[in-house]
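Summary of the model geometry
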Amino acid sequence: MAAAGGTVTTREGWTSGTTDVVQLLRAGASAPSSHNSQPWRLRWHHDAVEVHGDPDRRLAVADPDARELRLACGAALVNVRLAVRAQGRRAHTQLLPDPADRWFLGRVRPGSALPPSAWESELAAAIPRRHTDRHPFDGRPLPAVLRDHMGRAAARESCRLVFLTETGERRRLRDLTSRAHRQQRADPAFVAEWEHWIGHAAREEDGLPRAHAAHAPRADDAWRPRDFGDVVADSDRTAHHVGLEDEPTVAVLLSYDDGALAHLRAGAAMQQVLLTATAHGVGSSFVAPPLEVAAVRDEVRALLGGVLWPQVILRLGWGRPVPPTPRRRHPDV
Ligand SMILES: Cc1cc2nc3c(=O)[nH]c(=O)nc-3n(C[C@H](O)[C@H](O)[C@H](O)COP(=O)(O)O)c2cc1C
């Protein structure tokens, strides 16, 4: 048992001065990740929470460049940062702190006392309430003021959030989504990886359980997210399933660069957007396939002007509460 800043304790009750370390680690581990792979190792080291990417949990087929791994870890870092702020301490964040270790993605060190702002408290409170919602949304549009809030949340992390409103663009992105999805499903390596993580009865602490897949959209839904579906027998599907809304609110998060640092910042922006949505009662889910197939991602980029880099596609709308997805029980400490 290592000491946390001199004050210590049991694995369940770490404190370091006024810092509740376990709470910080839990906040980090609540981040979203593709296939719920949780591709990180979180630990308290000396006086900071460290976030290390875990290459063994990278999706080698869907995510060969570890872009999505870094998005997830960028989101974990934001959660830790907000949790530190909610505990009334300054949060000092360093991204890629060790040039010799490409998997050491960031650290957050609690600093001197500083009460959180109202929005920091709001976002921190949203961390345990944010869950991916794959149900249909009710179709009411999101008010402009809410879109502005989410746009500003992305801008805080030097990214842009673009809502797709033009009919031609929406149709094109929907077609690209279907194409990417078909391409992935035709690739045995992708399917094997997917089956390893999704609907696997033996997986209890990671991957996506069958129960979450049971509310899957049907194959004929126009916008097909992915982490569901073929693993679910028809009888398991919800009896009242009505398919996804025809015209969901779709937003694309774009970054100004496409290297490791940009991916971490995009992950932070993604999480700020998601928490802002949650804080306002807005549900969210992801549409990853078009950004996982390199040639299709190039087309998405061209569709959106060809200058910025598309990192995340979100479906947003008014939903209902959804249950959490499991996490590994003990973050590494
Ligand atoms: C980069 C990224 C891509 C994702 N892609 C998809 C997707 O294509 N379809 C989907 O249903 N969920 C997708 N997810 C959501 C994950 O499955 C989800 O975050 C994970 O199961 C944990 O659940 P939670 O978000 O409810 O905590 C994605 C998440 C991330 C971070």
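Calculation notes
- Residues numbered from 1 in each chain as written.
- Predicted model: local features only at pLDDT ≥ 70, side-chain atom pairs only at ≥ 80, totals over all residues.
- Heavy atoms only, no water.
- pLDDT = per-residue confidence, 0-100.
- Contact = heavy atoms within 4.5 Å.
- Helix = DSSP H or I, 4+ residues; strand = E, 2+ residues; numbered from the N terminus.
- Buried < 20%, exposed > 50% of the residue type's maximum accessible area, 1.4 Å probe, protein only.
- Lys, Arg positive; Asp, Glu negative; His and termini not counted.
- Salt bridge = Lys/Arg side-chain N within 4 Å of Asp/Glu carboxyl O.
- Pairing = 2+ DSSP bridges.
- Axes fitted to C-alpha atoms, helices over the stretch in contact; angles between N-to-C directions.
- Core = buried A, V, L, I, M, F, W, Y, C linked by side-chain atoms within 4.5 Å.
- Domains from an automatic or database assignment.
- Arc of directions from axis to C-beta.
- Polar contact = N/O pair within 3.5 Å; in protein donor to acceptor, adjacent residues only side chain to side chain.

Turning to the confidence of the model for the protein chain, a few remarks are in order. Overall, the prediction assigns the protein chain a mean pLDDT of 87, with 84% of residues at 70 or greater. pLDDT under 50 marks residues 1-13. Its contacts with residues more than four places away, or in other chains, come to 29 contacts. Across residues 229-242, confidence stays below pLDDT 50; counting only partners more than four residues off in sequence or on other chains, it has 27 contacts.

Relative to the helices and strands, Asp133 resides in the loop between helix 3 (118-126) and helix 4 (144-155). Look at Asp133: it is buried, it has no salt bridge, and the nearest opposite charge is Arg315 at 5.2 Å. Leave out the neighbours within four places in its chain, and Asp133 touches Ser284, Ser285, Arg315, Gly319, Arg320 and Val322.

One pass over the full model with this rule turns up 13 salt bridges. Among the salt bridges present, the one from Glu120 reaches Arg85, with a minimum N-O distance of 3.0 Å. Taken together, the positions of Glu120 in helix 3 and Arg85 in helix 2 (residues 67-86) put the pair 35 residues apart, joining distant regions of the chain. By relative accessible area, which is 13% here, Glu120 ends up buried. Put simply, Glu299 and Arg172 hold a salt bridge, and the shortest N to O gap is 2.5 Å. Within this pair, whereas Glu299 is found in helix 10 (residues 294-303), its partner Arg172 is found in helix 5 (residues 167-185), the two being separated by 127 residues in sequence. Taking the relative accessible area as the measure of exposure, Glu299 reaches 26% and is therefore partly exposed. Classification of Arg172 as partly exposed rests on a relative accessible area of 35%.

Take the sheet that holds strand 4 (residues 48-53) next. On the basis of which strands lie adjacent, the open sheet formed by four strands has the order 3-4-6-5 and antiparallel pairing. Each end of this open sheet is capped by a strand with a single partner; those strands are strand 3 (40-45) and strand 5 (89-95). On average, each strand axis in the sheet is tilted by 20° relative to the strand beside it, whichever way the strands run.

Next up on the list: the environment of His280. Here His280 is to be found in the loop between helix 8 (260-279) and strand 9 (282-286). The class of His280 is partly exposed, set by a relative accessible area of 31%. Remark: the alpha-carbon pair of His280 and Leu123, spanning 157 residues in sequence, is separated by 10.0 Å.

Next up on the list: the pairing of strand 6 (residues 104-113). Relative to strand 6, strand 4 is paired through four bridges, and the arrangement is antiparallel. By the bridge assignment, Glu50 is partnered in strand 6 with Arg107. Two elements, strand 5 and strand 6, share six bridges in a ladder whose sense is antiparallel. The partner of His92 across the bridge, within strand 6, is Arg109.

One finds Trp40, Met150, Leu161, Leu253, Val282 and Leu316 to be the most contacted residues of the largest nonpolar core, which totals 55 residues. The leading source of residues in this core is helix 2, at twelve residues. Mapped onto the domain boundaries, this core takes at least three residues apiece from domain 1 (15-129) and domain 2 (144-318). Core analysis: the next-biggest nonpolar cluster, separate from the first, contains 15 residues, Leu164, Leu176, Val252 and Leu308 among them.

On to helix 6 (residues 188-197). Among all positions in helix 6, only Phe190, Val191, Glu193, Trp194 and Trp197 are buried. Within helix 6, the buried residues cover an arc of 165° as seen down the axis, which keeps them to one side. Contacts made by the buried residues of helix 6 are with helix 5 and helix 9 (289-292). Near the N-terminus of helix 6, the side chain that reaches the backbone nitrogen of Ala189, with its oxygen 2.9 Å away, is that of Asp187. Directly after helix 6, the chain includes Gly199, whose backbone phi takes a positive value near 70°.

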